[in-house]
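# Structural features, examined
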Amino acid sequence: MKEIRISRMEEGQRFLKWLEKYLDAAPRSFFYKMLRKKNITLNGRKADGSEALKAGDQVRFFLSEETIEKFRSASGKEAKSIPLDVIYENRDVIILNKPAGMLSQKASPLDVSLNEYLTAYLLEKGEITKEELERFRPALCNRLDRNTSGLITGGKTAAGLKEMSRLLRERQVHKYYRCFVKGRLEGETHLKGFLKKDTGKNQSQILPGSDEDGKPVETWFQSVKTFEDCTLLEVLLVTGRSHQIRAHLASIGHPLLGDPKYGDPALNQVLRKKYGIRCQLLHAYRMEFPRMEGTLSCLSGRTFTAPQPEIFEKMIEEEKRKEKQRQERKR
């Protein structure tokens, strides 16, 4: 017989979901059978799997060690801890500033992503144990492209993960981005269209009208700084489709600087030689949370920002220098 006490990080999960994480190689039919026969119990009583777990709950497995190990897959090696740029955290959630070049989540089994670094960070702080990781793993709630930097949220507990994911799914959190685009744009613009994704090429296309594969998209942006040949924009995603900002702005002739998929190849070559830029200049800059109660009431009405990357500041200073030179030549 094996006994496990539910920790604070695990509470809020449905019992069946918890079992599926712990014995992750077992079919769901196995759990229903074991619960029905009371080979798995909750607080000494028969359970059906729909129960919401609380810290201190007692789970007992009247199963052999061989059976338990049979239905548990290897967890693999944990990532080494690295310094993370933490913007905010409490007992349930964390908000990080992800650097460009880092995966949010694994693209293949051998990848190491911010998800793994988050787990290593919490292990090092002693906020979770390796034993607890067998039943619950902290995870990111949203994702950014590998080469997009900025704000990204994570759930440190099951309750935090569930509530933050719900807020994002229901679009209650306003997410603003900063980006540099080719050409001059001034004022505010509200774009609408339909986005169609080619999953094989991992590339999106904006269509003027809908077809059976196109999904409606809306993008709002306003200029922050306008220069002679480029513009720093602040962008709000009204919808949130794959590569939406990059594809939508490219569709109106203002691709992101450095963007290898949707950008201007000749301009990107110049930027690579001059600044070493090899990816799109896109940064998840600001998050605004709604008024709310409950698990994440500590975030109610709050706004978080991630400082612009150094290359953004370098670009601004360079464009100001060029503008000053142009003005001096006119005198």
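Residues numbered from 1 in each chain as written. Predicted model: local features only at pLDDT ≥ 70, side-chain atom pairs only at ≥ 80, totals over all residues. Heavy atoms only, no water.

An unreviewed UniProt entry annotates the chain as RNA pseudouridylate synthase of Candidatus Choladousia intestinavium. According to the UniProt record, the Sequence similarities (unreviewed entry) comment for the chain is "Belongs to the pseudouridine synthase RluA family." (UniProt positions renumbered as here; feature names shortened; annotations may be inferred.)

### Structural notes on the overall build of the chain
Looking only at helices and strands, the chain has nine helices and 14 strands in total. Per-residue burial for the chain yields a buried fraction of 48% across its 331 residues. Within the chain, contacts between residues at least 6 apart in sequence are counted, and of these 64% link residues at least 24 apart. Per element, the accessible surface of the chain, about 17,100 Å² overall, is 47% carbon and sulfur. Counting 62 positive and 46 negative side-chain charges, the chain places the centres of these two groups 1 Å from one another. (Helix = DSSP H or I, 4+ residues; strand = E, 2+ residues; numbered from the N terminus. Buried < 20%, exposed > 50% of the residue type's maximum accessible area, 1.4 Å probe, protein only. Contact = heavy atoms within 4.5 Å. Areas by Shrake-Rupley, 256 points an atom, 1.4 Å probe, with all protein chains shown as cover. Lys, Arg positive; Asp, Glu negative; His and termini not counted. Charge placed at Lys NZ, Arg CZ, Asp CG, Glu CD.)

### Side note on the packing of aromatic side chains
Applying the stated criterion to the full structure yields ten aromatic pairs. With a centroid separation of 5.5 Å and 45° between ring planes, the pair formed by tyrosine 22 and phenylalanine 61 is classed as tilted. With tyrosine 22 in helix H1 (residues 15-22) and phenylalanine 61 in strand E3 (residues 58-61), the pair connects residues that are 39 residues apart, well separated along the chain. For tyrosine 22, a relative accessible area of 1% puts it in the buried group. An angle of 85° between the planes, with centres 6.4 Å apart, marks the rings of tyrosine 176 and tryptophan 220 as edge-to-face. Residue tyrosine 176 is found in strand E8 (residues 174-182), and its partner tryptophan 220 is found in strand E11 (residues 215-226); the two are separated by 44 residues along the sequence. Taken as a pair, tyrosine 176 and tryptophan 220 share a single burial class, namely buried. A connected cluster of aromatic rings, assembled from ring pairs, spans Phe15, Trp18, Tyr22 and Phe61. Its guanidinium or amino end placed over the ring of tyrosine 285, arginine 178 lies 4.0 Å from that ring's centre, counting from NZ or CZ. Positioned above the aromatic ring of tyrosine 176 is the side chain of arginine 286, whose terminal nitrogen or guanidinium carbon lies 4.0 Å from the ring centre. (Phe/Tyr/Trp six-rings, centres within 6.5 Å; stacked < 30°, edge-to-face > 60°. Lys NZ or Arg CZ within 6 Å of the ring centre and 35° of its normal.)

### A short note on the packing of helix H8 (residues 265-275) against helix H9 (residues 310-330)
Two elements in contact, H8 and H9, have axes separated by 13 Å at closest approach and are oriented at 100°. Viewed along their axes, H8 and H9 adopt a mutual orientation that is roughly perpendicular. The residues of H9 that touch H8, namely those facing Leu271, Lys274 and Tyr275, are Ile311, Lys314, Met315, Glu318 and Lys322. A per-class count over the contact of H8 with H9 returns four nonpolar, no polar and four charged. (Axes fitted to C-alpha atoms, helices over the stretch in contact; angles between N-to-C directions. Parallel < 35°, antiparallel > 145°, perpendicular 65-115°, else oblique. Nonpolar A, V, L, I, M, F, W, Y, C, P; charged D, E, K, R; others polar.)

### Remarks on the environment of glutamate 116
Position of glutamate 116 among the secondary structure elements: in helix H4 (residues 114-125). Taking the C-alpha atoms as reference, glutamate 116 lies 9.1 Å from proline 138; in sequence the two are 22 residues apart. Here glutamate 116 is in contact with Ala79, Lys106 and Asp111, once residues within four sequence places are set aside. A polar side-chain atom of glutamate 116 sits 2.6 Å from a polar atom in the side chain of serine 113. (Polar contact = N/O pair within 3.5 Å; in protein donor to acceptor, adjacent residues only side chain to side chain.)

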